[in-house]
Amino acid sequence: MRAEAVETKKLLYIFGVIVFGGMLLNSIIDAGIYLEYYSVEKLWEYRLFIAGGAVVYYGAVFLYHQLRGRLKG
């Protein structure tokens, strides 16, 4: 069996899409349940939390690869 190197940049971006996209999709699908127990404001607060987490995550991945590229040469 031939083992190929996995490109970490693509892997981290795909992982982020799965995690944060899944959380956002869950908030859209279960919006009726959120509204039943909480309020519209709490639902939007949760969605903004997801967006903020995604910005921090993708920013960290971007900076990691920028710094890694500079250190490599």
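To be clear, the structure that these remarks concern was listed above.
Since the model is a prediction, treat every value here as computed from it, not as a measurement.

1. Points about the overall build of the protein chain
(1) Moving on: Summing up its helical and strand segments, the protein chain has three helices and zero strands in all.
(2) Moving on: Helices (α) and strands (β) of the protein chain occur, in sequence order from the N terminus, as α-α-α.
(3) Moving on: Along the longest, intermediate and shortest principal axes, the C-alpha atoms of the protein chain span 55 × 35 × 10 Å.
(4) Moving on: Burial status across the protein chain gives 15% buried among its 73 residues.
(5) Moving on: Of the contacts made within the protein chain by residues no fewer than 6 positions apart, 59% connect residues no fewer than 24 positions apart.
(6) Moving on: Carbon and sulfur atoms provide 69% of the accessible area of the protein chain, an area that totals close to 6,100 Å².
(7) Moving on: Here the protein chain carries 8 positive and 6 negative side-chain charges, and the mean point of each set is 18 Å from the other.

2. A few points about helix α3 (residues 40-72)
(1) Moving on: With 33 residues, α3 should cover 48 Å at 1.5 Å per step; its first-to-last C-alpha distance of 48 Å lies within 8% of that length.
(2) Moving on: Residues of α3 that are buried in the fold lie against α1 (8-29) and α2 (31-37).

What counts as what
- Residues numbered from 1 in each chain as written.
- Predicted model: local features only at pLDDT ≥ 70, side-chain atom pairs only at ≥ 80, totals over all residues.
- Heavy atoms only, no water.
- Helix = DSSP H or I, 4+ residues; strand = E, 2+ residues; numbered from the N terminus.
- Buried < 20%, exposed > 50% of the residue type's maximum accessible area, 1.4 Å probe, protein only.
- Contact = heavy atoms within 4.5 Å.
- Areas by Shrake-Rupley, 256 points an atom, 1.4 Å probe, with all protein chains shown as cover.
- Lys, Arg positive; Asp, Glu negative; His and termini not counted.
- Charge placed at Lys NZ, Arg CZ, Asp CG, Glu CD.
- Expected span 1.5 Å × (residues − 1).

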